[in-house]
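Residues per chain, in single letters:
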Amino acid sequence: MISARLLEREAGLAEARAALDRLRAGTGGALCLLGPAGVGKTSLLDAALATAGDLRVLRAAAGELEAHAPYGVVRQLFGRVLAGMAPAALDGLDGIAHGAARAAVDLVLHRGAPVGDPSVMLNSLYWLLDGLTADGPLVLSIDDAHWADEASLLFCRHLLSRADELPVLLVVAARDILPERRSPALAALVAGAPRLDLAPLSVDGVRSCLADLGHAQISDELAAACTDVTGGNPFLVVALADLLGTTDVRSLVPRTVVDTVVQRLTALGTAEQALARAVAVLDTAPLRIAAELADLTPEKAGIAADRLRDAGLFSTDSRTGFRHALLRSAVLAATAAAGRDDLHRRAARALADLPDGLHVAAGHLLEVEGIGDPWAADVLRTAARSALADGAPQAAVDLLRRAVAEPPAAVDLPGFLVELGTAELHVGDPASITTLERAGRGVTDPVLRAHCALALATAYHVGGFYERTVPILTEVLEALGPEHGDLVLVVEAALVAAALCVPGRVDEARQRLAAHGRLAGVTPGERLLLIHQASVANATVAPISEAGELARRAIGDGATPEQVASPFEWTIARIHLACAGEYDAVADLCAQGLDLAAREGSVPLYAAASVTRGWAHLWAGRLDDSATDFTEALRHADLVPGGQLVRLMAAAGQAEALLARGRLAEAAAAVESVPEEVAADRTNATGIHLLRSRGLVRAAAGDHEAALVSLRQCGARLQELDMDSPTWCGWRAPAVESLWALGRVDEARALAADELAVAELKGAAGVLGQALRIAGEVAGADGIALLERSVAVLDGSQARLQEARSRVALGSALRRTGRRVEGREQLRAGRELAHRLGATVLTERATTELALAGGRAGRIEVTGVAALTSAERRVCELASAGLRNRDIAQRLFVTTKTVEVHLSRAYRKLGVGRDGLGPLLSSDDGS
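Residues numbered from 1 in each chain as written. Predicted model: local features only at pLDDT ≥ 70, side-chain atom pairs only at ≥ 80, totals over all residues. Heavy atoms only, no water.

Draft legend 1. Broad picture of the side chain of threonine 227. Relative to the assigned elements, threonine 227 resides in helix H10 (residues 220–230). Exposure remark for threonine 227: the relative accessible area of 12% places this residue in the buried category. Leaving out residues up to four positions away in the same chain, threonine 227 has contacts with Leu201, Ser202, Val203, Val206 and Gly232. (Helix = DSSP H or I, 4+ residues; strand = E, 2+ residues; numbered from the N terminus. Buried < 20%, exposed > 50% of the residue type's maximum accessible area, 1.4 Å probe, protein only. Contact = heavy atoms within 4.5 Å.)

Below is the structure:
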């Protein structure tokens, strides 16, 4: 008999009901119910959800053996509702699977191709929820979340971080296990969600519970004893109620309460005992599987299950399972270890061939030690590959570690280790290095050895150990021949990439690249080598046009195989093209990348394309556009493999854009958001850009001594890697300005001359125009000539912000020498251009100089499309093309609510509705 009354949970129920009320009002959120086993988490969860009323509730309950079944809980949550949808509502043009949600729908319904990228699935699941909430708020209920698979928990954590965006209430019940025993995703979920800790029952609560179970007349002494024995745990109180009058309560401890209940098995027959052990091992499975494991016919298993229910061990509902997890655990503990392992192995074989049985079978194998069974190793490996394909690399790591421990046959072990090391690399586990090093020692096949070395190179690069990569890849490359095709070039490209980052190895890498001459870029290996050739051309004094031409060949038609989950090569090729001054072309290429990211739901590609376009916009002077792109990249960096690189590049660019707009505090916050160890990493060439941005921020704050420290560190790091190019990272120009501000005139002029000499060799309009301006500003009598040449170089180029700066500098110099009429002409042109670009600081300086030159600084009106922010304009352009708000949101990786806000603001600024956007946008010249 079980007490139906929920005792001493009034406060918890009130909190849950308040969350449900907020959900009815359209506000999402989360609630985490925590407590030890048996404290009544499930009962409280059921009671709270019973008050949900008209709210839709999607439920899931995790099982102990399902922790390594990727997205098992997600499939429980959404499977029934999706399977019950009409085809048109599911897959029609306006169906829920339309657009970004399709990958999630395919995952839940076991259809379609796997995605492999965890960020794609997280994004797709978000849009699945967005579609489901179109019919009203949703409650997502997950019981026993301590057993949930990591991929599902990561989705819950992702949902928690966006709780204010959807009318969804996430309610999670989990055991309050020690923090160090929680999985990373569960720990993050518990830390981030409002938590409700379930306390044990008081003596009065225990008395009330026992009274509900027929023991109304117990003494105060016995009630206190029952509380001591059970610790106030409701399940143990219920179990103890069955023992009152048959044993001395004071002789028991909590553990023996459960054991005493389980002892009832000994009074039952062998069939009941065998079935109880089988079900304890299976956790959840059809009765016929349990019968097979217990060596019973289905008929005899059914009779035994009924007797176990009568004995209070099995649940009274229709499923075959224990009344409580504590009873199951006790039966498992009472089963001999050898017998338990045998049952797990037999269960794995019985379940492996069932639909959706692969991961459950693998879960059973995870419970036992290896015995060198090739079948078990293969099942674990197959399950790991499936997990990787579903975008659950952590599950793959756990499965492959167990497969390696089986172990497989000696001849197969290196292949298993390569897969394990690669999976560990996906999740950022430092153990990948040890695993791949071990694999490399056992691999003899040159192709597998090459793939192992490539993975190990990536692992070394993540840790900054470029110097370790060079000898390994050199040895592997020597073992490959013409019969291995493009793999030879791919390995050599990885070798070159490592050597370019190791002082003392740079010349060797450059010689390798030079030996290839002119590559066509028709294979992945050729494209990778072309990218590195472009890097060398950009980083040295070679004309920047060479880097641009090499980058164009590497990029090809823009749809190259380098568009992968961590698209570093995709980004760097386009950065080189931007360094060559082709900002508009790069913006167009990035728009293609963003379109591809939207079609595939790829957050890494979206972040990469955003940060790349951000730099192209910044160098072109489109400050509002660049700030929007950098903000988008930073917003998604945490979902990107190697996201620290995205964060570093975006933060550096964001700081420069903010400085030009006069937002010093925000710029300082941007550069300080990246950990110091990343900026200080001498093997990370990208960190050089952050050092430069920090120098700019410190100079803008008036601390020119500190600015020079950062900028000279930047120069020293470049020198270590034999790089000296203002198109790669121009540190001298801002250093000249700080030296000038400190009154160190001779040093400023000498450094300006050095910068101009290198800029002349590079031939990039933006960099050369800047170098001429800086040299002109610190020069004596020849200053105006240099400034005039600067304006001439920049006039007609895509470097519009540099042009505005040079015109303002020239106008100011002309004013100071008495040529005020000519000065006013340049100042007006520079001021108008600076204003159009959003360069607030430069606009203010031009206004002041124009007044000193005797000119009228009329107010520049901003109306029409020009009044829109970059983000608002992007939304309007898509809306005018006929996209729905939800489609726009998916394309821009923002919420539907954000789209609605942007459109509302745009309508007010433009004085039109949705139908009027097209004519206004098409009539605007985009300037």
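More follows now that the structure is in view.
Draft legend 2. Expanded view of the nonpolar core. Core analysis: the largest hydrophobic core is formed by 141 residues, its most contacted members being Phe78, Leu125, Leu128, Leu129, Leu140 and Leu275. Leaving out residues up to four positions away in the same chain, leucine 140 has contacts with Leu58, Leu77, Phe78, Leu129, Leu159, Val168, Leu169, Leu170 and Val171. Core analysis: the next-biggest nonpolar cluster, separate from the first, contains 130 residues, Val491, Leu530, Val736 and Leu794 among them. (Core = buried A, V, L, I, M, F, W, Y, C linked by side-chain atoms within 4.5 Å.)

Draft legend 3. Geometry of the sheet that holds strand E2 (residues 56–61). A sheet is described by the order of its strands in space; here 5 strands give the open sequence E2-E3-E4-E1-E5, paired in parallel fashion. Two strands bound the open sheet, and with one partner strand each, they are E2 and strand E5 (195–197). Sheet twist, expressed as the mean angle between neighbouring strand axes with direction ignored, is 15 degrees. Bridge analysis of strand E1 (residues 29–35) against strand E4 (residues 168–175) gives 7 bridges, and the strand direction is parallel. Across the sheet, leucine 34 pairs through a bridge with alanine 174, a residue of E4. Taken strand by strand, helix H3 (residues 72–83) contacts E2 and strand E3 (138–143), and its axis lies near 140 degrees from that of E2. Where helix H6 (residues 118–132) meets the sheet, its contacts fall on E2, E3 and E4, and the angle it forms with E3 comes to roughly 130 degrees. (Pairing = 2+ DSSP bridges. Axes fitted to C-alpha atoms, helices over the stretch in contact; angles between N-to-C directions.)

Draft legend 4. Quick peek at the packing of aromatic side chains. Taken as a whole and assessed by the stated rule, the structure comprises 7 aromatic pairs. Centre to centre, the rings of tryptophan 615 and phenylalanine 630 are 5.7 Å apart; their planes meet at 75 degrees, and the pair counts as edge-to-face. Of this pair, tryptophan 615 sits in helix H31 (residues 603–620) while phenylalanine 630 is found in helix H32 (residues 623–636), placing the two residues 15 residues apart along the sequence. You can call tryptophan 615 buried: its relative accessible area is 3%. By relative accessible area, phenylalanine 630 is classed as buried at 0%. Over the ring of phenylalanine 416 we find arginine 381; its NZ or CZ atom is 4.0 Å from the centre of that ring. (Phe/Tyr/Trp six-rings, centres within 6.5 Å; stacked < 30°, edge-to-face > 60°. Lys NZ or Arg CZ within 6 Å of the ring centre and 35° of its normal.)

Draft legend 5. Quick look at the pairing of E4. The element E4 is extensively covered by neighbouring structure, given that 8 of its 8 residues are classed as buried. Every second residue of E4 is oriented toward a common face, with Val168, Leu170, Val172 and Ala174 on one face and Leu169, Val171, Ala173 and Arg175 on the other, all of them buried. With 5 bridges joining them, E3 and E4 adopt parallel strand pairing. Looking across to E4, one finds that serine 141 is bridged to valine 171. Of the crossover connections in this fold, the one passing from E3 over helix H7 (residues 150–161) to the parallel E4 is right-handed. (Right-handed = clockwise from strand over helix to strand, strands pointing away.)

Draft legend 6. Quick peek at the pattern of salt bridges. Taken as a whole and assessed by the stated rule, the structure comprises 58 salt bridges. Of the charged contacts in the structure, one is a salt bridge between arginine 732 and glutamate 755, with a shortest N-O distance of 3.6 Å. Placement of the pair is arginine 732 in helix H39 (residues 732–741) and glutamate 755 in helix H40 (residues 745–762), with a sequence separation of 23 residues. On the basis of relative accessible area, arginine 732 is assigned to the buried category, the value being 11%. The class of glutamate 755 is buried, set by a relative accessible area of 3%. As a salt-bridge pair, glutamate 803 and arginine 800 come within 3.3 Å of each other at their nearest N and O atoms. Highlighted residues: glutamate 803 and arginine 800, both in helix H43 (residues 800–816), separated by 3 residues, approximately one helical turn. The exposure class assigned to arginine 800 is partly exposed, which follows from its relative accessible area of 31%. Through salt bridges that share partners, Asp91, Arg102, Asp106 and Arg111 make up one connected network. (Salt bridge = Lys/Arg side-chain N within 4 Å of Asp/Glu carboxyl O.)

Draft legend 7. Quick look at the environment of threonine 227. Along the chain, threonine 227 and aspartate 212 lie 15 residues apart, while their C-alpha atoms are 16 Å from each other. A polar contact is formed between the side chain of threonine 227 and the backbone oxygen of alanine 223, at a distance of 2.9 Å. (Polar contact = N/O pair within 3.5 Å; in protein donor to acceptor, adjacent residues only side chain to side chain.)

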